[in-house]
Structure formats: structure tokens, C-alpha cells
Amino acid sequence: MGGILSKKNPKGFTPYFLLLPMLIVVFSLFVYPVSYGLYISFFDITGYYNRGFVGLDNYIKVISSPSFLNSLSVTAIYISFALTVEFLFGLCLAILLNKITIGSGLIKTLMIMPMVIAPVIVGLIFRLMYDYTYGVINMLLPVVGLGKQNWLVQPQTAIFAIAGVDIWEWTPFVTLILLAGIKSIPLDLYEASSIDGASTFSQFRYITLPLLKSSALVAVIFNFMRLIRTFDVVVMLTKGGPGESTNLISYYIQQVTIPHMRLSQGAAMTQLLLLLVGLISNVYIIYIRKSFG
Amino acid sequence: MVKKKIKISLLLAYVLTLFALAFFVFPIFYYVSLSFRYEKDVLNFFPTEYTLDNYITLLTKGVHEESPYDIFYRPLLNSIIIASTSTLITIFVTVLAAYAVDRFRFKGRNGISFFILSLYMTPPIVTLIPLWDIAATLHLIDTHIFLIWCYTMFGIPLSFWMLRSFVMTVPSILEEAAMVDGCSRFRALIYVTLPLLRPGIAAASILVFLLNWGEYMFAGTLTSHEAVTIPVAIAKFGFWLTVDWTTMATMSAIAMVPILILAAFIQKYIVSGLTLGAVRG
Amino acid sequence: MSSEPKKVDRRKFIYAGLGAVALVAIGAAAYVAMNPPVVTQTVTTSTTVTGTSTTKPGGSIKILSWQTPIDDMYKKLIQEDFTPKTGITVQYDTVPWGSYIEKNLVSMKGKSEYDLIMNNTEWTMPAWVYSGGLMPLNNRLKQDFKVDDFLPGFLGICAYPPGQKVKPTGYYLNFSDAVFYGVPYWDDAQPLLYRTDLVPEPPKNWDELLSIAQKLTNPDKKFYGYVFQGQPKAGQLYDAWFAVLHGFGADIFDDKLNPAFNTSEGIEGTQFLVDLYLKYKVVPPDTPALDSTATLDYYKGGFVAMIIPWGNSPLGDVPVAKVSKYDIAPVGKRVSARTAGAAFTIPSTASNPDGAWEYIKWALSPQIRAKIVGELGAPVVLKSELAYVKQGSNAWAVAQEVARNDIGVNPAIPNLTEVSDALSVPLNQALIGQISVKEALSQAEQKVKDVMKAAALL
């Protein structure tokens, strides 16, 4: 801890004074919009009419709307797939990079490249790469003996193609976090255990993995929060199609509210989403508290 | 024999790393190379000739005369203004807040930290919808000011988190020493603590800037042609008449390459920023 | 971070509850402050006398349009001719098409900042009419123009039956009692564009098109006889499908706004379109993902022989332009095309409606139109302008189609985007073979019903 200047706290207002700018920003850009959204979600407002108070009607409509439920399930599939692959892939890479000593600076530089590019551009890059006739991926697959796929047109592959973009972009992130975690494990543990006759595999299982838990949790929660807000990629690659198979939740809500002009239904959806995310993060926090005491 | 085994596994590690790096870096290079080609070579793997034409056209007169918004300097300028201004405000605001939260004991101290951090959990769509309606009613759509203001929110949780961890590493004894010498609290903050916070501020501002530079959802929804930023220009205008891969690649390259070069130089800051707090020592 | 004491748990609920109430209260206050309650205005048959002023209005007007080359020319002529003549300064906002719809709909909120809007008749104007946001232009129109001067098809799009806010079939041709919410400005249609070197005679109907396409398609050489938009978003697949549907004799709605496309004609037409991709394979394999720019690209690049694009999309200076010609789209029971465009409209909250009307008069005056249509090749709106178009050009083909009385028009409903998106999902699924056409149309019918009910239009 840096230390507390409690002595020099005469009126006790200075901290609030320093906090004020941030509170203004947060209030005007979070508290106010969310409450405004909550308010209009109880009305029936679209871009072309305002029918007044309807109570919980919007919420009922939304919860029973198959499109909304479809969007939630698509998002769930997307998130769980991306989380798993990014974690496993990142873990392997972290172990790999742990062995590398030369050129780690260069490697890190190259690794952060996918992350710092604007997601729109990443979407563009992959749009070209996923193209059936002219995309790089379909050009290379036959070389390895696999067949070409119409990645973005088939509903079975589309959602995974979108996940692939995020995987490409953010696995380095997971890797770097896990790598830092690995490097922070004291080497004595490994030495002691190998004296006791432990194999590399058991070392990995009983030392590395448990001690990586905190880094892993951080990586997972960051990924989760980022995956839920996926929007740019959907716009650039599939626009929710084919059918409704890539209607990720952030994209779906935006489509309902702005092109389709259903303002209060969109507001109701955002409140539900907020509730959902709040629940998930509370579960997560409880889990952290339990596992770390 | 054992030495050979170790050497082989090390070699294997290097080879695999090379493949991994190629996997992550190849698409970028491939795409940037498109900006140096003529339209006819786009669909080939290797081009037949190289050219700088795309850059010249894009930056001077725009590609399609019918659409004045292909003149790229306007989105470029907008992006720079909006991203930098909002980053400045964010950093300013969070430095003060991080300092206050760490150095003073007051009611709600933990509550505020917790609240700010939990803000990060909110998908931005939740605030976009109401903000869009508010902006539309107040005729603030497509203004720079509104977009800048919206952007200040994005960086706050991340920046607050990083700066708070950083402030914690700076002992308050230094400020107290300065205050004993007659400095007011504020002067102590500015002249003593701030310089020590520089690496943290640098890391935070870089990450926040990158976040704001590439943001699309808010920019795409809240602008139409005046305050358009680069991501919006790429997403909407590049497809004006043709799917012009070379133009798109050029726009993307202009947006990407400076960032990538910058990232190369400050890689240490970025990595430390990302992993800060991830490893609780 | 230090852990919080466990006593807080119960208090948390109270705080949460208070917080929620506070939130709603804040939101309510904010909403009331920002939006004085807006009652949906009922549209009355307007008999308000809006006399034209005899003095020069002066002042300034603000115009919103989407970017076309025509706007550029108008802007030039405004400076040279309009402002000096009338003393009205013009601020002409043009926006790329991609951002136009949103900008237009956003400007509906509150008091409009524009005096004149080139309103897209399909995607934006119906919402304006429905919410009562447009000034009826009857008296002015009849005073300063002759209704007969206009190409009837397009004027019919701007006309609404008295007392109605929506038009299920898009046209209203009874000009004597119609309420005009707009004056035709720019129209477009879907002509057939084909390669004269490969297609000696343009196909007159769909069977001919299919047989020509089958002869020309050569997948090994990556050449296809035809191409259409299959992308389900942004009205792309809808564009292609509507044209075929209309040609086969089915409509989207009946006059009670019930879905009317799930009929034998509708199934036949949809099946034909789907077969082009799945059965006959005369279109490129990525058709289900193509939008109108991509399809036109295919044609420009020399990969397809025929296409039905939007008439006003220029071919540009590509090699195939020299061997291309436009003609009327294939005719089934009706011509397989749709017309749409933009109309001059004046928002009811405009600050200078007289100035806006002066502009409309000037913009459609013969000398100006001679330049716009004659020199630039803009679409024809007045019958007198038919003299300017060249046979075989896109403007000619568009004018031919619009002059027919069987061309298709989109239903004028405020939530067309939602309807077309809802429709397009099952259609796209049928296109890629996931479900049958019958199944797709039943699903589409149900979805459209749901959407229309949700908007309280049905």
C-alpha cells in the first residue's frame, strides 16, 4: 500500500473533490443512460410512434421472442467455444514461449500485433481470407488434404468462423497473461519436485496448473467481457447471417433498436443483458472469494 | 544423449514458435501487401507488380469522385482528434480518482473501486441505446463533442484499475515529506507523485488510446459523415461502389501501420499494462 | 482490496432496491425533461390553404439528400442560378447512401433541422408519413405543376389515399383525391443488364433467361450466366426476391396488410429463384452472401453474362461496358422489377417551407432539368424529359419500366426494414437448401405477421 494521508484530512472533502470529475463522467455516461433506458423500456416507443406506458409488456415480449433467445444461444456457443480454444491454445503457446530465451522482445512485439489492430480491420482481413474462391484459407486447405468450405455462407461454420477471428486476435493476450503467470512461479518448486522424482508431466499438473489459476481466471474473465461485446466482426463478415446463426447479442440488440427502430424493446433487451452479465459476474466474484479465501 | 534430447526439444520449441508467430503475423502482412498492388492482382497470391498509387489517390483526391467522403484525411483527422482528446480526459480523470482512492480513507472507498471495476463488465450496447436516443433528440448525432464525451467512459475502468495498482506502488512518504517542507497537497501531487507515475500513465494512456482508436460500435451509430472516424470510414465508405480491396487495404494500412510501429516501440508498456494485476504476487 | 464485512449482505438488498427505484426516478425525470409527450398525429386530409407567397421568400433552406452525381450538379446550379434568382441560400447536406437511412430517421425526432428532404420512398418516407412528420403538398403541387406532366408510376408512389398512413401495395393512382406527401425527384428501377457479345437477344421472360444462362455457364472457367444478391441483410435478397415474386404474380401484402406471398404464385417464383442457385447452378457459388455491389462487381469483372441491377448504378469505365446494354427485365405475369426513388418532401416542422417549395419549383423547371437529365443522364421524372434518353442506356430502360403500369412497388409501411429482414432470414435458408421453399414461405408469413402485429399495423 502506498499509504494513507489520513493526518491531512481536515474536512474530509478533498477525496470527493478529486473523485468528482470521474463521478461526473460515470454518472452522465453510465448511470443516467442506464436509468433512462430502464425508464423507456416500460413504454412502447418506436421510431415512428409513441404509445405510452405499457409496463412489463416489452420484457415479456422480449423473453418470449425466439429471435432474442436464438441470439442468446448463439452468443453462448460463440463465447464458450472461443473461451475454450483461446485458453487451451494460449496455454500451449505460453508453455512454448516459456522455453524461449532469445528474442523474447521481438516475439512479444509480434504477438501484440493482432490485439492492437482495430477490430474492423481484422474483420476485413478475415473477410478476404474466408472467401470461398479467393481466400487464403481455402487456398491452403487443399494443400493439407482438407476440403474447401464456404465458411461464411453455411450456418454450421459461420459462427465458428467468427469465433476464429477473435481467437486469432486475442490468443496472444491469453498467452502473455499465462506466460507472466508461469514466469512468476518460483523455480525452486520445480527443482524440489524433480529431486523428489516428479516427471515433467506431473510437474505441470501439480505445480504449474494450480499456480496459474489466478492468471487463468483473469484471462477468462477479460475474454468473457470482451466476447460479449463482439460487434464489429459481425458487421464486417456476416451481418448476422446466414439465417440468424451469427446474431451475437450486441449486434442483435443494435439491429433491433436502430435499423428496425424499436427503441423501447431494445432498451428492455439491454436491461436484461445487464442483469444477465451482473449475475454472471457475481457468480464469478463469489467463486474467486471462495477459492482465494 | 540427454544434451541432444534437450537441444532437439529446444529446436522444436523454436520451430513451433515460428509457426505460431507466422500464424499471427502473416494475415497482417498479406493484407498490407494488398495496398501496394493494383486491383487486378488482388486475387492472386503473389502480385505481378507493385505500386504506391493507392496511397497517393487515397490521401489526395479520394478514390471515387462521387463520394467526397473517400478522401481519407477527414476520417484520419477525426480519429486523431477524438481518440486523443478522450484519452486525455480519461487519464486526467482517473489519475485524480486513483490518487484519491488510495491516499485517503473515506466512506465508500472500497465501494467506489468496486463499482468502477464492475463497470467494465457492462457491454457497451447497454449504454449505447439510451445515449443514441438522447443524442438524436438533442441533435447531437454526428458531432465530435458527443463522441469524445462518450469515449471517455470506455477507458475509465481499465485506466482506473491500472493507475490504482500503480499508485499503490508509490509510497506516500514522499508526499508527506514534501508537505512537511511546506507544499500544499496538490503541489505535492503534481510535482512529486506524478513524475513517479509516468510509466503507469504511459501504459494506461496507450491502452486507452488504442481502445478508442479502433472503436466502431459507438462511432458507427453516432456519426454519419462529419465526425466519422477511421473504423467507420472503412466499414461504410469503402464499399461505396465496389468492393475495392486495394482501397480498403490502403485505408487499413494507414490505420494499422503507425499503430503497429508505435506498438513495437512501446511493447514493454503494453505488455506490462495488460499483465498488471493479472499476477497477484 | 480488502474483503467486505459479512454484515453488509442484508443491507445490500435494501441498497439495491433503493438504487433501482432511484434509477427509474432519474430516468423518468430525464425522459420528461427531454421529450414533451408526443402524441401520434392523426393524418387528416389536408385542406389547409398554403398559399404561395408572391414576394421573394429570401432566407435560407437546409436540404438533406443522399449522395449521387445529380446532387453535385444541382449544387453547382444552385450557386449559379438558384441563389442569385431567389435570394435564398441553400445548405445542401449530402450523405453517402450507407449512412443516409439512419441520418434521415434520426432527423425525424424532435423539431426537424431540415426544410427539404429528398426522402427515399421505400425506407424512410413511409415512417415520416406514418408519424405525421410531412407537410402535405397538394395545393402547391396542383398550383405550380400539372399533375399530368409527371410519369404516373412515380407520382403514384408519392400519393396517399386520403386518411391513410400506410399503403400495402405502394401505389395510389387516383390523383384527384390523393394526398401528396412528396414531389417526384429521382427514381430508379431494376432493368436487365446483359452482354451483347454473349446474349444476342435479351430474354423476354424467365424461361428464356434460364436457358441462355444454362448455355453460357461454365464453372471451370468461373463464368456464370446470371447472378443475384443473396445476402439476407440490408434488403439485398429481398430486392432480388421481390422482383421475381412480382413477376410471377404475387404480392407482399394484400390491402388489409396480411402477408400475401404464400400463394402458389409466390411459391413458384421463390422456387425458381432458389433453383437458379441450387438446381441449375447458373449463378456463382457465393451468391447467398452477395450484395448489390458485389454482384455488379461480378458483372464488371466479366464473370457473369446477365444481371438485374439497380438502374442508376453506373457501370463505369470497364471493358465490358462497351458490350453491354440495358433492357426491360423479364416479364412473367408482370414485369419482374420494382421502382423506388426519392421524393422532395417538406417536414411539417420545417422553418422555411416556402423557401423549400421555391427550390422544388426551380429544381424541376425545364431549363434546369435539361441540364440534369439531358447532360448528366439523371432519371426521368417528367414526361417531357423522355426526349432526352438514349435507347439501350440504363436511363432509357428505367424510364421504360417506370412508364409501365405493372411495375412493382414496395409497400409503404414504416417498418419495412424490419419486415424485409424478417422475410429474408427464412428465404436465405431456403436458398442455401436448409429448408424447403414451402417451409420458408410459411415461416416468413408467420414472421411477417408477428412483426406487423408488434408494430400494431395488423
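Being a predicted model, the structure only gives us computed values, none of them experimental.

Of regular secondary structure, chain A possesses 13 helices and 2 strands. Along the longest, intermediate and shortest principal axes, the C-alpha atoms of chain A span 75 × 75 × 30 Å. Scored against the burial criterion, the 293 residues of chain A give a buried share of 48%.

Moving on to the interface of chain A and chain C. At the junction of the two partners, chain A supplies 27 residues and chain C supplies 31 residues. Sort the elements by how many residues they give to the side of chain A that touches chain C and helix 1 (residues 14–40) of chain A lands first, with 7 residues. Of the residues assigned to the side of chain A that touches chain C, the class counts are 16 nonpolar, 9 polar and 2 charged.

Time to look at the domain arrangement of chain C. Residues and elements named next belong to chain C. In terms of domains, chain C is made up of domain 1 (60–188 + 340–409) and domain 2 (192–336 + 415–454). Placing the centre of domain 1 and that of domain 2 at their C-alpha centroids yields a distance of 28 Å. Domain 1 puts 19 residues into the contact, and the matching count from domain 2 is 20 residues. Element by element, the count of residues in the side of domain 1 that touches domain 2 is highest for helix 13 (residues 394–403), at 6 residues. Class assignment of the residues belonging to the side of domain 1 that touches domain 2 gives a composition of 8 nonpolar, 6 polar and 5 charged.

This part takes up the nonpolar core. Residues Ile121 and Ile162 of chain A, Leu147 of chain B together with Tyr226, Val227 and Met306 of chain C are the most contacted members of the largest nonpolar core, which totals 304 residues. Residue contacts for Val227 of chain C: discarding those within four places in its chain leaves Val283, Pro284, Thr287, Leu290, Thr295, Tyr298, Tyr299, Val304 and Ile307 of chain C.

Another point: the confidence of the model for chain A. Residue and element names in this part refer to chain A. In the predicted model, chain A carries a mean pLDDT of 85, and 95% of its residues have values of at least 70. When pLDDT is averaged over each element of chain A, helix 12 (residues 249–257) comes out on top at 93 and helix 9 (residues 200–211) at the bottom at 79. Counting interchain partners and residues more than four positions distant, the pLDDT-below-50 stretch residues 7–12 has 4 contacts.

It is common to give the size of an interface as the accessible area that goes away when the parts come together. With 81 residues of chain A in contact, the opposing surface of chain B contributes 84 residues. Its residues assigned to classes, the side of chain A that touches chain B shows 57 nonpolar, 19 polar and 5 charged.

Let us now look at helix 12 of chain A. By the criterion of burial, helix 12 of chain A is predominantly enclosed, with 9 of the 9 residues buried. Of the residues making up helix 12 of chain A, those classed as buried are Ile249, Ser250, Tyr251, Tyr252, Ile253, Gln254, Gln255, Val256 and Thr257 of chain A.

This part is about the pairing of strand 3 (residues 116–120) of chain C. Residue and element names in this part refer to chain C. The buried fraction of strand 3 is high, at 5 of 5 residues. Side chains Leu116, Met118 and Asn120 project from strand 3 onto one buried face, and the interleaved Ile117 and Asn119 project onto a second face that is buried too. Summarising the sheet, strand 3 and strand 11 (residues 338–345) pair through 4 bridges and their orientation is antiparallel. By the bridge assignment, Met118 is partnered in strand 11 with Phe344.

Okay, the packing of helix 2 (residues 69–86) of chain C against helix 12 (residues 366–375) of chain C next. All names here are of chain C. Remark: helix 2 packs on helix 12, axes separated minimally by 10 Å, with the N-to-C direction vectors making an angle of 145 degrees. Pair helix 2 / helix 12 crosses with right-handed handedness. Contacts between helix 2 and helix 12 pair Ile70, Met73 and Leu77 from the former with Ile368, Lys371 and Ile372 from the latter. By residue class, the composition of the contact of helix 2 with helix 12 is 5 nonpolar, no polar and 1 charged.

Rules and cut-offs
- Residues numbered from 1 in each chain as written.
- Chains lettered and ligands numbered in written order.
- Predicted model: local features only at pLDDT ≥ 70, side-chain atom pairs only at ≥ 80, totals over all residues.
- Helix = DSSP H or I, 4+ residues; strand = E, 2+ residues; numbered from the N terminus.
- Buried ≥ 20, exposed ≤ 12 C-beta atoms within 10 Å, placed from the backbone.
- Contact = placed C-beta atoms within 7 Å.
- Nonpolar A, V, L, I, M, F, W, Y, C, P; charged D, E, K, R; others polar.
- Domains from an automatic or database assignment.
- Core = buried A, V, L, I, M, F, W, Y, C linked by C-beta atoms within 7 Å.
- pLDDT = per-residue confidence, 0-100.
- Pairing = 2+ DSSP bridges.
- Axes fitted to C-alpha atoms, helices over the stretch in contact; angles between N-to-C directions.
- Left-handed = near helix turned anticlockwise from the far one by under 90°.

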